[in-house]
Amino acid sequence: MLNLYLFQILNGLGLGMIYFLIAVGLTIIFGLLNFVNFAHGAFFLLGAYICYTAVSLTGSFWLALLLAPLVVAALAWVIERLLIQRIYHLPHMFQILVTLGIALIIQEASVMIWGPVGKSVAVPELLRGVLVLGDFVYPYYRLFLIVFSGLVGLGLWLLLERTRFGALVRAGSESTETVSLLGTNIFRLFSMTFALGVGLAGMAGVLFAPLRGAQPFVGPEILGIAFVVVVIGGMGSFSGALVGGLLVGVVQSLMTTLWPQGASLMIYGAMAVVILVRPYGLFGRA
Amino acid sequence: MSEKNPLPFAKTQSKAMLLWVLAVLIGLPLVLPSATLASEILIFAMAALACNLLLGYTGLLSFGQGIFFGAGAYCAALLMIHLQLGLFSALLGAAVAGGFLALLVGALAIRRTGIYFVMLTLAFSQMAYFVAYTLSDWTGGDNGLLSVPRPEIRIGDSVLLSLADARAFYGFVAVLFLLIFIGARRVIASPFGSTLMAIRENETRASAIGYDTRHFKILVFVLSGAVTGIAGALYAMLLHFVPLSNIDLAMSENILIMTIVGGTGSLFGSLLGAGSIVLLGDFLSDLWPRWLMLLGVILILVVIFMRGGLWGGLASLFEKVRGRRKAVVVAKEQGL
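Reading guide: rules and limits
Residues numbered from 1 in each chain as written. Chains lettered and ligands numbered in written order. Predicted model: local features only at pLDDT ≥ 70, side-chain atom pairs only at ≥ 80, totals over all residues. Heavy atoms only, no water. Helix = DSSP H or I, 4+ residues; strand = E, 2+ residues; numbered from the N terminus. Buried < 20%, exposed > 50% of the residue type's maximum accessible area, 1.4 Å probe, protein only. Contact = heavy atoms within 4.5 Å. Areas by Shrake-Rupley, 256 points an atom, 1.4 Å probe, with all protein chains shown as cover. Lys, Arg positive; Asp, Glu negative; His and termini not counted. Charge placed at Lys NZ, Arg CZ, Asp CG, Glu CD. Buried area = accessible area lost by both parts, 1.4 Å probe. Salt bridge = Lys/Arg side-chain N within 4 Å of Asp/Glu carboxyl O. Patch = residues over 30% accessible without salt bridge, like charges linked within 9 Å, V, L, I, M, F, W, Y side chains within 5 Å. Axes fitted to C-alpha atoms, helices over the stretch in contact; angles between N-to-C directions. Parallel < 35°, antiparallel > 145°, perpendicular 65-115°, else oblique. Phe/Tyr/Trp six-rings, centres within 6.5 Å; stacked < 30°, edge-to-face > 60°. UniProt positions renumbered as here; feature names shortened; annotations may be inferred. Expected span 1.5 Å × (residues − 1). pLDDT = per-residue confidence, 0-100. Left-handed = near helix turned anticlockwise from the far one by under 90°. Core = buried A, V, L, I, M, F, W, Y, C linked by side-chain atoms within 4.5 Å.

1. A word on the overall build of chain B
Scanning chain B for helices and strands turns up 14 helices and two strands. By its C-alpha atoms, chain B is 75 × 50 × 45 Å across when sized along the principal axes. Here chain B holds 336 residues, and 53% of them are scored as buried. Within chain B, contacts between residues separated by at least 24 positions form 79% of all contacts whose residues are at least 6 apart in sequence. Carbon together with sulfur atoms contributes 66% to the accessible area of chain B, which is approximately 14,700 Å² in total. Looking at charge distribution, chain B has the averaged site of its 22 positive side-chain charges lying 14 Å from that of its 16 negative ones.

2. Some thoughts on the interface of chain A and chain B
Chain A puts 44 residues into the contact, and the matching count from chain B is 39 residues. For the pair chain A and chain B, the two sides together bury roughly 3,900 Å², of which 83% comes from carbon and sulfur. The interface formed by chain A and chain B includes one salt bridge. One salt bridge in this structure joins A:Glu108 and B:Arg290, with 2.5 Å as the shortest N-O distance.

3. Overview of a nonpolar patch on the surface
Residues and elements named next belong to chain A. Residues Leu63, Leu66, Leu67, Leu70 and Val71 make up a contiguous nonpolar surface patch of about 430 Å² in total accessible area. Mapped onto the secondary structure, Leu70 falls in helix H3 (residues 61-82). With relative accessibility at 55%, the residue Leu70 sits in the exposed group.

4. Considering the packing of helix H2 (residues 35-58) of chain B against helix H8 (residues 191-201) of chain B
Residues and elements named next belong to chain B. In contact at an axis separation of 8 Å, H2 and H8 are set at 60° when each is read in the N-to-C sense. With respect to each other, H2 and H8 are oriented oblique. Contacts between H2 and H8 pair Gly56, Tyr57 and Thr58 from the former with Leu196, Met197, Ile199 and Arg200 from the latter.

5. Describing the packing of aromatic side chains
Tallied over the entire structure, the rule returns 30 aromatic pairs over all chains. Aromatic side chains B:Phe44 and B:Tyr235 sit 5.1 Å apart centroid to centroid with 70° between the ring planes, which places their arrangement in the edge-to-face category. Highlighted residues: B:Phe44 in helix H2 and B:Tyr235 in helix H10 (residues 213-239), separated in sequence by 191 residues. Neither residue differs from the other here; B:Phe44 and B:Tyr235 are each classed as buried. With a centroid separation of 5.6 Å and an interplanar angle of 75°, the aromatic rings of B:Tyr129 and B:Phe130 are classed as edge-to-face. Classification of B:Tyr129 as partly exposed rests on a relative accessible area of 22%. Since its relative accessible area comes to 11%, B:Phe130 is described here as buried. Through pairs of rings, three or more aromatic residues link up here, namely A:Phe35, A:Tyr88, A:Phe187, A:Phe190 and A:Phe194.

6. Structural notes on the UniProt feature "transmembrane region" (unreviewed entry) in chain A
Residue and element names in this part refer to chain A. On the UniProt side, "transmembrane region" (unreviewed entry) is annotated at positions that read residues 6-28, 35-55, 61-84, 96-117, 137-160, 189-210, 222-251 and 263-283 here. With 86% helix and 0% strand, residues 96-117 has end C-alpha atoms that lie 28 Å from one another. Structurally, residues 222-251 is divided into 87% helix and 0% strand, and its ends, taken at the C-alpha atoms, are 16 Å apart.

7. Topic: H3(A)
The end-to-end C-alpha distance of H3(A) is 31 Å, a good match for the 32 Å that 22 residues give at a rise of 1.5 Å each. Packed against the buried residues of H3(A) are helix H2 (40-58), helix H4 (92-114), helix H5 (140-162) and helix H8 (186-212) of chain A.

8. Notes on the confidence of the model for chain B
Looking at chain B as a whole, the pLDDT averages 88, with 93% of positions reaching at least 70. In the model, residues 1-10 of chain B has pLDDT below 50 throughout and makes 22 contacts with residues more than four positions away in sequence or in other chains.

9. Some details on the packing of H2(A) against H8(A)
All names here are of chain A. Relative orientation of the contacting elements H2 and H8 amounts to 50°, with a least axis distance of 7 Å. As far as their axial angle goes, H8 and H2 are oblique. Here the hand of the crossing between H2 and H8 comes out right-handed. Contacts between H2 and H8 involve His40, Phe43, Phe44, Gly47, Ala48 and Cys51 on the former and, on the latter, Gly197, Val198, Ala201, Gly202, Ala204, Gly205, Val206, Phe208 and Ala209.

10. Describing the nonpolar core
Counting residues in each nonpolar core, the largest one holds 217 residues, and the members touching the most others are A:Ile102, B:Met46, B:Phe63, B:Phe177 and B:Leu234. Considering each element in turn, this core owes the most residues, 18 residues, to H2(B). Not counting residues up to four positions away in its chain, the partners in contact with B:Phe63 are A:Phe38, A:Ile96, A:Leu100, B:Val118, B:Thr121, B:Leu122, B:Ser125, B:Leu249, B:Ser252, B:Glu253 and B:Leu256.

Put into structure tokens, the structure is as follows:
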């Protein structure tokens, strides 16, 4: 019994790290660009589908893991240049609506390209099988999820805290005008940040694909979960996205054993509780 | 919405506007191939109108309208199926269900403003979907709730009017729509409505004057939820069926898109928006199952080129024509 809970908690951590990748991308974009990307779930879905295509063409999951986030990020970069950059001067509402339009287009285009039925992606050969420790058994792929997304998270933290680019993003989140006045091409920074955040969503989609496959209508669900994570953790906060993501992942995993039908429901319940107790999230500032 | 969007027409035009609405209500079933399609337009126009009260007049962008629509549909259907309630009691039940859920969602979501409010309404919309999915004993889950009756209008025990005929049902929906439209106009013209617009323009200032803005926002949310609930109930009666998609996020998005495409500056815009999107969907969904893609494109185009929506476009066209006419009159008076 205890093993079962340990199993589910580990599962939850893996799931939570995927949620973290989604939410931290959303948060970085929000921090600098000051709008919420409603197409985030759609880019996640695109990552999963590109992974499926890459795996079926090349047979290598690792190549897909490398390529898919880059392709998604490149697409995001183009969209930002062509479309989103035109509407920065409008109220936030309009950026939301444009990204909602993008989400609809991506979702429907995915159905057109890959069909309305989900595609499954096999777990890479290297990670098939299970780890056996005494009477505790755990799949390698799930272990890999935790380690890999942990490393990506660490890399992202270093990028944001220790590089010039990261310094610009953080400074820009405080005041875009000042950064711009100091001679930085703020629009290039916007494009890169948008591509980075969206690329993270794409990577999350790739990592998720061997677990649940690529599903055409998963976008809104992922978007909803990402919102729950940032509402719980506090928007614009790296640690908030991490803690929120892990919390949501673990709650969802544990509930799968206790009350399978209500597992998805519980995370929204958790969100409602946080809103009541701490309206600005666990790590949010007023 | 920080963009200024005052009513393009003054009070003297309000009667003319009502005549326009009447003309549309009478014209729709004559022009369209089926009264069912006409009913669908009015039902979504009702939902868009309720969404407009939030978005256009209070500046609240809600991704939760599908919750109230679905709740109204389920509630009315369950009341009619299990308790054999009549038409008006079922509609009342739907309004109460929509309003009550709006109170819950509103009270929680309004604790945060701006972008967080928007995200919360979306999260609650997902939550409502999972609730409906989980309670499959009541809602039928993925299969939907089947064999929803369409009761007749009764007074006591005598049947006044059967709504089984599509045109009779359209007539009933049209009367309800007209009442709701007039009611909504009254609300907007009232001091309550002016306060909502003050909140839209500058919430900090409105609360500095002494208005409890949270109170006002929750109240308009409840109003919007109740109207959306009635729309949902009518939709269930129209289809004889409540699909799970009535409560999913796509429903919220559709209602929102109708409102924006129609134009948030006027209630009449909601009728335009719902009409054009429903007709477009009806026309395209057979030809091209992925027509939602086009909806995404339309949404982006409206934001970039026509932020006033269809109504805004029409209004500025009118203004131009009238401006030119006025210029001619002035020129004549000056003897030019």
